[in-house]
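These are the residues of each chain, in order.
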Amino acid sequence: MASYAKDPRCIDMAEAPVPLLRRACPEGAGGYGGSYQVNVDDEEAVGLGGVELIRAAMRKAARQLAWKVTTIGWIGTRFGTMVAVQDTREVPEEYRAVVDAAIHERMSAAVGRVSGEPGKAPVLRGSVAQ
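Rules used throughout
Residues numbered from 1 in each chain as written. Predicted model: local features only at pLDDT ≥ 70, side-chain atom pairs only at ≥ 80, totals over all residues. Heavy atoms only, no water. Salt bridge = Lys/Arg side-chain N within 4 Å of Asp/Glu carboxyl O. Buried < 20%, exposed > 50% of the residue type's maximum accessible area, 1.4 Å probe, protein only. Core = buried A, V, L, I, M, F, W, Y, C linked by side-chain atoms within 4.5 Å. Helix = DSSP H or I, 4+ residues; strand = E, 2+ residues; numbered from the N terminus.

Turning our attention to the pattern of salt bridges. Two side chains bearing opposite charge may form a pair once their charged atoms approach each other closely. Taken as a whole, this structure holds five salt bridges when the rule is applied. A salt bridge links Arg89 to Asp87; the nearest nitrogen and oxygen atoms lie 2.8 Å apart. Accessibility expressed as a relative area gives 19% for Arg89, which makes it buried. Between Glu90 and Arg96 there is a salt bridge, with its nearest N and O atoms 3.4 Å apart. Given a relative accessible area of 65%, Glu90 falls into the exposed group. Connected via shared salt-bridge partners are Glu90, Arg96 and Asp100.

Moving on, we get to the nonpolar core. Residues Leu21, Tyr36, Met58, Ala62, Trp67 and Val85 are the most contacted members of the largest nonpolar core, which totals 22 residues. Broken down by secondary-structure element, the contributors of at least two residues to this core are α1 (8-15), α2 (17-24), β1 (35-40), α4 (51-64) and β3 (80-87). Broken down by element, this core gets its largest block of residues, eight residues, from α4.

Listed below in structure tokens is the structure:
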């Protein structure tokens, strides 16, 4: 697999998500526990350089925040192209409760949406709707 680390398109694309990734971390968690997902139209993803270039840019952006990352990327999903990045660093004890509570809140919101429980799903910090 080709490395995109020094590709000018990757370098340029990696600048935009940095503030979004920073906001995706739970408030009060010292920058730990973040994750972010990007969905774009398949044709747009190809125009941007493909799913692998987008994944590389997301990794590069996350590493600017000192995240140890896991990324996934799929083209042709029901929602177009999806790329996600997650901080996998070990969370220090002083931030563990905050990160655990944020994960619980995200999972509860996801279960609520999937199970069709009545009521409005909460807006998650860092989401587009906020």
